[in-house]
Amino acid sequence: MVTRHVLDVISHRRTEMIDITAAIQELLRNSAFRNGLCVVYCPHTTAAVTIQEHADPDVAHDLLLWLNQTVPQHLPGYRHGEGNSDAHIKSALVGPSVTVLVQEGKLLLGTWQGIFFCEFDGPRRRQIWVQLLGQPDQP
Amino acid sequence: MVTRHVLDVISHRRTEMIDITAAIQELLRNSAFRNGLCVVYCPHTTAAVTIQEHADPDVAHDLLLWLNQTVPQHLPGYRHGEGNSDAHIKSALVGPSVTVLVQEGKLLLGTWQGIFFCEFDGPRRRQIWVQLLGQPDQP
Amino acid sequence: MVTRHVLDVISHRRTEMIDITAAIQELLRNSAFRNGLCVVYCPHTTAAVTIQEHADPDVAHDLLLWLNQTVPQHLPGYRHGEGNSDAHIKSALVGPSVTVLVQEGKLLLGTWQGIFFCEFDGPRRRQIWVQLLGQPDQP
């Protein structure tokens, strides 16, 4: 069984981590999907997806702080003309997708884990693609 | 066919790379799983999973050396109160899971590749979740 | 349905990003695969796979520039004797695989996205392994 879903995400700052765990869990609830994999995929090249602590928002703050300090927006030698080379580099470091286990229709996440959309060149309207792959609901 | 398994991992240092290749291969051997994907998932936000050379342990040493130098444990501006922001950042860089191909019940890894649990805030008792997804054993 | 394929890649520089999108799309076209996941896996520990903008080659240039500046080839404390510790570290940061959605036999990529083989210790002959997993072609 394979199904695909689209999630709209709106960012409000240049760099921002947006918790999309509840939205993906709701999408799962509305599907007949029960057991398998949930691939959360970012179709943008200046944004990314990761799994991190979502209990304390300071964790996301500190991750962005380090990324912004370590990957400068302007660096002698950058050639890409749009002034967002840093956003492409941050996206490559964090990665374009995460794969989450699904059991009995629920995301299997660790106690402190949440799924984040990582905006590195906002504010923008974005999409997240979700693919579910596994066993169909057993009647 | 979808099955899930749990692997216990014990770390002994604050940062440490632990080779879990043999444990995952053994888990596969004890299952009926033959062909498909093996997702190795870390449910912790201060640890990660990666695939790297496991022939020479100096490779893991050098990766930790670079990470520890590049992501400082204390940085002006960090807000997270637990003093382990660096561990969260390292986890985001290395990533929460790896996806490995399985053929005839065996992990398909490159010649020098091993699967590592990456501890960034140990020592601790940890878990790794493994999900197998693919074709069932054909009789 | 699970199938595996091998792609040969030849690199010409020490660090290089090689666009393999068309090769993977052709591989898909020659298979009966229609819907599911395409896992693009790098079996090497001094190379990686990522998804990034492939419209402007300057994006790949800037990513390599930053990686080469941030992960030095020689660092006091490196122990690995082959002089390519930086290549292992870059591989761990970028990651060993990407997972792409497939719909009706086509890679589902964002407008600007391409799949890149990332060489960090070339020039060399390399391989990429591709696994397709999902629903079979429905007659």
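That block above? That's the structure.
Criteria and thresholds
- Along every chain, residues carry numbers that run from 1 in the direction the sequence is written.
- Chain A is the first chain written and ligand 1 is the first ligand written, with later ones labelled in order.
- The predicted origin of the model limits local features to residues at a pLDDT of at least 70 and limits the giving and counting of side-chain atom pairs to 80 or more, whereas totals for whole chains, interfaces and linings rest on all residues.
- As a rule here, side-chain values come from all non-hydrogen atoms in the structure, and water together with hydrogens is ignored.
- The atoms used to superpose the copies are C-alpha atoms, taken from residues with pLDDT of at least 70 in both, and the fit is least squares.
- We call two residues in contact whenever any of their non-hydrogen atoms come within 4.5 Å of each other.
- Counting from the N terminus, the helices are DSSP H or I runs at least four residues long and the strands are E runs at least two residues long.
- In this scheme, a helix's expected span is set at 1.5 Å multiplied by one less than its residue total.
- Burial classes follow relative accessibility: with a 1.4 Å probe on protein chains only, a residue under 20% of its type's maximum area counts as buried, one over 50% as exposed, and anything between as partly exposed.
- We define a polar contact as two N or O atoms separated by no more than 3.5 Å, with the added condition that, inside protein, one atom must be a possible hydrogen donor and the other a possible acceptor, whereas residues neighbouring each other in sequence contribute only through side-chain atom pairs.
- Strands are labelled as partners when DSSP assigns at least two bridges between them.
- Only C-alpha atoms enter the line fits that serve as axes; for helices the fit covers just the stretch in contact. Angles between N-to-C directions range over 0 to 180 degrees.
- Buried area: the sum, over both parts, of the accessible surface (1.4 Å probe) that disappears when the two are put together.
- Put simply, a salt bridge is a Lys or Arg side-chain nitrogen that is within 4 Å of an Asp or Glu carboxyl oxygen.
- Polar here means any residue other than Ala, Val, Leu, Ile, Met, Phe, Trp, Tyr, Cys and Pro, which are nonpolar, and Asp, Glu, Lys and Arg, which are charged; Gly is therefore polar.

K.L.:
Before we move on, could you go through the relation of the copies chain A and chain B and cite the residues and values that matter?
P.N.:
Of the two same-sequence chains, chain A is brought onto chain B (RMSD 0.0 Å, axial shift 0.0 Å) by a rotation of 120 degrees. Here the symmetry operator amounts to a three-fold rotation axis. Proximity to the rotation axis, assessed at the C-alpha, singles out A:Leu93 in chain A; its C-alpha lies 3.4 Å from the axis. By residue overlap, the copies meet through two different surfaces: only 9% of the interface positions of chain A are interface positions in chain B.

K.L.:
Give a description of helix α2 (residues 57–70) of chain C that names residues and reports values.
P.N.:
Taking 1.5 Å per residue as the helical rise, α2(C) with its 14 residues ought to reach 20 Å, and the 20 Å between its terminal C-alpha atoms agrees with that figure. Among all positions of α2(C), only C:Val59, C:Ala60, C:Asp62, C:Leu63, C:Leu64, C:Leu65, C:Trp66, C:Leu67 and C:Thr70 are buried. Turning to α2(C), the residues buried within the fold contact α2 (57–70) and α3 (85–94) of chain A, α2 (57–70) of chain B together with β2 (16–19), β4 (47–53) and α3 (85–94) of chain C. Backbone nitrogen of C:Asp58 and a side-chain oxygen of the N-cap are separated by 2.8 Å at the start of α2(C); the cap is C:Asp56.

K.L.:
Requested: an account of the sheet that holds strand β7 (residues 113–119) of chain C, with residues and values cited.
P.N.:
Sheet strands associate in pairs through backbone hydrogen bonding, adopting either a parallel or an antiparallel arrangement. Residues and elements named next belong to chain C. If you trace the three strands from one edge of the open sheet to the other, you get β2-β7-β4, paired in antiparallel fashion. Since the sheet does not close on itself, it has two edges, and those belong to β2 and β4, each with one partner. The mean angle between the axes of side-by-side strands here comes to 35 degrees, regardless of whether they run parallel or antiparallel. The sheet contact formed by β2 and β7 spans four bridges and is antiparallel. Paired with isoleucine 18 across the strands is phenylalanine 117, a residue of β7. Set on the sheet, α2 makes contact with β2 and β4; between it and β2 the angle comes to about 150 degrees. Helix-sheet contacts for α3 involve β4 and β7, and the interaxial angle to β4 is about 45 degrees.

K.L.:
Pulling in residues and values, what's your account of the interface of chain A and chain C?
P.N.:
Listed as interface residues are 31 residues of chain A and, on the opposing side, 32 residues of chain C. Summed over both partners, the interface of chain A with chain C comes to about 2,700 Å²; 63% of that surface belongs to carbon and sulfur atoms. Here chain A and chain C share zero salt bridges between them. Along the contact surface separating chain A from chain C lie 14 residue pairs in polar contact (both at pLDDT 80 or more). For the side of chain A that touches chain C, the secondary-structure elements that each account for two or more residues are β1 (2–10), β3 (35–41), α3, β5 (97–103) and β8 (125–135) of chain A. Broken down by element, the residue count for the side of chain A that touches chain C peaks at six residues, all from α3(A).

K.L.:
Please provide a residue-by-residue account of the interface of chain A and chain B, values included.
P.N.:
The interface is formed by 32 residues belonging to chain A together with 31 residues belonging to chain B. Interface area, chain A with chain B, both sides summed: about 2,700 Å², of which 63% is carbon and sulfur. Of all residues in chain A, the largest losses of buried area upon contact with chain B belong to A:Asp62, A:Trp66 and A:Leu101, amounting jointly to 23% of the total for that side. Inspection of the chain A/chain B interface yields zero salt bridges. Along the contact surface separating chain A from chain B lie 14 residue pairs in polar contact (both at pLDDT 80 or more). Contributions of two or more residues to the side of chain A that touches chain B are made by β3, β4 (47–53), α2, α3, β5 and β8 of chain A. Taken together, the residues of the side of chain A that touches chain B sort by class into 15 nonpolar, 13 polar and four charged.

None of this, on its own, says anything about what the molecule does.
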